[in-house]
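If you want the building blocks of each chain, they are given just below.
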Amino acid sequence: MVMEIKINSNIPGWDNPIILSHLGKLVSELSPDANILEIGALFGRTSYVLGHNKPATATLTTIDPWMTYFYAHFVNTTIHDNKCSQESIDLISRYTKHNPERIEGDDFLALWKIFVGEVPNHVIVREYSPVRNREWPMFDLIYHDGPHDGDDVYNDLSFWFPKLKATSSFILDDYHRIQFPGLCEAVDRFVLEN
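Treat the numbers as computed from the prediction; the structure is a model and nothing was measured. Residue indices follow the written sequence of each chain, beginning from 1 at its first position. Residue-level local features of this predicted model are given only where pLDDT is at least 70; pairs of side-chain atoms are given and counted only at 80 or more, and the full residue set underlies all totals for whole chains, interfaces and linings. The basis for every side-chain value is the complete set of heavy atoms in the structure, and neither hydrogens nor water enter the calculation.

## Focus on the overall build of the protein
Line of reasoning, step 1. Helix numbers and strand numbers start at the N terminus; a helix is a DSSP run of H or I with at least 4 residues, a strand a run of E with at least 2. Summing up its helical and strand segments, the protein has seven helices and seven strands in all.
Line of reasoning, step 2. Listing each helix as α and each strand as β along the protein from the N terminus yields α-β-α-β-β-α-α-β-α-β-β-α-β-α.
Line of reasoning, step 3. For a compact globule of 194 residues, the expected C-alpha radius of gyration is about 16 Å, and the protein comes in at 16 Å, within 12% of that figure.
Line of reasoning, step 4. Buried positions account for 45% of the 194 residues belonging to the protein.
Line of reasoning, step 5. To measure how exposed things are, a 1.4 Å probe is used in the Shrake-Rupley method; for residues, cover is taken only from the protein chains shown. Accessible surface computed for the protein: about 10200 Å², of which carbon and sulfur atoms make up 54%.
Line of reasoning, step 6. By the counting scheme adopted, Arg and Lys are positive, Glu and Asp are negative, and His together with the chain ends is not counted. Where a charge lies is defined by one atom per residue type, namely NZ (Lys), CZ (Arg), CG (Asp) and CD (Glu). When the 16 positive and 27 negative side-chain charges of the protein are each reduced to one mean point, those points stand 4 Å apart. Here the globule rule is a power law, 2.2 Å times the number of residues to the power 0.38, and the radius of gyration is based on C-alpha atoms. Only protein chains enter the accessibility calculation, which uses a 1.4 Å probe. A residue is then buried if its area is under 20% of the maximum for its type, exposed if over 50%, and partly exposed in between.

## Let's talk about the environment of asparagine 53
Line of reasoning, step 1. With respect to the helices and strands, asparagine 53 occurs in helix H2 (residues 45-53).
Line of reasoning, step 2. Along the sequence, asparagine 53 and proline 181 sit 128 residues apart, while their C-alpha atoms lie 32 Å from each other.
Line of reasoning, step 3. When checking whether two residues touch, look at their non-hydrogen atoms; a contact exists if any pair is within 4.5 Å. Setting aside anything within four residues of it in sequence, one finds asparagine 53 in contact with Met3, Glu4, Ile5, Lys6, Gly24, Val27 and Ser28.

## Some remarks on the pairing of strand E7 (residues 164-172)
Within a regular strand, side chains alternate between the sheet's two faces.
Line of reasoning, step 1. Two strands qualify as a pair provided that DSSP identifies no fewer than 2 bridges between them. Looking at chain direction, strand E6 (residues 139-144) and E7 are connected through five bridges and run parallel. Among the inter-strand pairings, isoleucine 142 is bridged to a residue of E7, identified as phenylalanine 170.
Line of reasoning, step 2. This β-α-β element, E6 to helix H6 (residues 150-160) to E7, shows right-handed connectivity. A right-handed crossover is one whose linking path, passing over the helix from the first strand to the second, runs clockwise when the strands point away from the viewer.

## Points about the side chain of asparagine 8
Line of reasoning, step 1. Structurally, asparagine 8 is set in the segment before helix H1 (17-28).
Line of reasoning, step 2. If near-sequence neighbours (up to four positions away) are discounted, asparagine 8 is found in contact with Arg45, Tyr48 and Phe115.

## As for unusual backbone geometry
Line of reasoning, step 1. The step from serine 129 to proline 130 runs through a cis peptide bond, and the omega angle for that step is 0°.
Line of reasoning, step 2. A positive phi angle is found at asparagine 121, which is not glycine, with a value near 55°.
Line of reasoning, step 3. Mapped onto the fold, asparagine 121 is located in the loop between helix H5 (105-116) and strand E5 (122-125).

## Things to note about the packing of helix H4 (residues 86-94) against H5
Line of reasoning, step 1. A fitted line through C-alpha atoms represents every axis, and for helices the fit uses only the stretch in contact; the resulting angles, taken between N-to-C directions, go from 0 to 180 degrees. Two numbers describe how H4 lies on H5: the axes approach to 10 Å, and their chain directions differ by 155°. On the basis of the axis angle, H4 is roughly antiparallel to H5. With respect to the hand of their crossing, H4 and H5 are arranged in right-handed fashion. Residues Ser88, Leu91 and Ile92 of H4 lie in contact with H5, whose contacting residues are Leu111, Ile114 and Phe115. Note on angle classes: values under 35 degrees are labelled roughly parallel, values over 145 roughly antiparallel, values of 65 to 115 roughly perpendicular, and the remainder oblique. What makes a crossing left-handed is the near helix being turned counterclockwise from the far one by less than a right angle; a clockwise turn instead makes it right-handed.

## Considerations on the packing of aromatic side chains
Line of reasoning, step 1. In this analysis, rings of Phe, Tyr and Trp, with Trp reduced to its six-membered ring, are considered paired at centre separations within 6.5 Å, and the interplanar angle assigns stacked below 30 degrees, edge-to-face beyond 60, and tilted for intermediate values. A full pass over the atoms with the stated rule returns 12 aromatic pairs.
Line of reasoning, step 2. Ring geometry for phenylalanine 43 against phenylalanine 115: centres 6.2 Å apart, planes inclined by 85°, an arrangement best described as edge-to-face. Placement of the pair is phenylalanine 43 in the loop between strand E1 (35-39) and H2 and phenylalanine 115 in helix H5, with a sequence separation of 72 residues.
Line of reasoning, step 3. Residue class for phenylalanine 115 comes out buried when judged on its relative accessible area of 8%.
Line of reasoning, step 4. Between the aromatic rings of tyrosine 69 and phenylalanine 108, the centroid separation amounts to 5.4 Å while the plane-to-plane angle is 55°, which identifies the pairing as tilted. With tyrosine 69 in strand E3 (residues 69-70) and phenylalanine 108 in helix H5, this residue pair connects regions lying 39 residues apart in the sequence.
Line of reasoning, step 5. Connected via pairs of aromatic rings, a cluster forms that spans Phe43, Tyr69, Phe108 and Phe115.
Line of reasoning, step 6. Counted as over-ring charges are cases with an Arg CZ or a Lys NZ within 6 Å of the ring centre that also lie within 35 degrees of the ring normal. Cation over ring: arginine 189 sits above tyrosine 154, and NZ or CZ is 3.7 Å from the ring centre.

## Things to note about the sheet that holds E1
Line of reasoning, step 1. If you walk across this open sheet you meet the five strands as E5-E2-E1-E6-E7, and the pairing is parallel. The two strands at the open ends of the sheet, each matched to only one other strand, are E5 and E7. Strand after strand, the sheet turns through a mean of 15° between neighbouring axes, direction not considered.
Line of reasoning, step 2. Packing against the sheet, H5 makes contact with strand E2 (59-63) and E5, and its axis sits at approximately 160° to E5.

Structure representation (structure tokens):
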């Protein structure tokens, strides 16, 4: 029996259906006691896929600071692929209630929760990665779509990679030399050193 992968393209984001299907399939095949880490969530397109396709008893931890976000970034399509619905765009614009030019951090988190919906065993950590002030389990899958500059990527790899089980996957989004040279340099450096 083939499981249907749950994807919500109405949530703003860039990940295409092929990538999202692959991620959904990966998490659906994890063990019931798996630990999954997502670094960087934005509006929640990938959070939705990870959360709604994982085994119900597996734990998904999402780390994002959900800081104030300028609405112009969204309207100018720098953070989404124009595939989300008008209803989603209207919902986002309603969350600029304090200032029509931006979404305040608390409102951004509330909006993310609406988009992602209820996910069993979902731990939400509102901080910048890496988060050093707590104990972490070993992870079965780590998906990184956090900051893309070289230093941040290298620090995340250095901190999180040792917390990955031996037979597991660490997936980084946007390994693209022209758009994100710092990310690529950080990954190459980390791989070379390790």
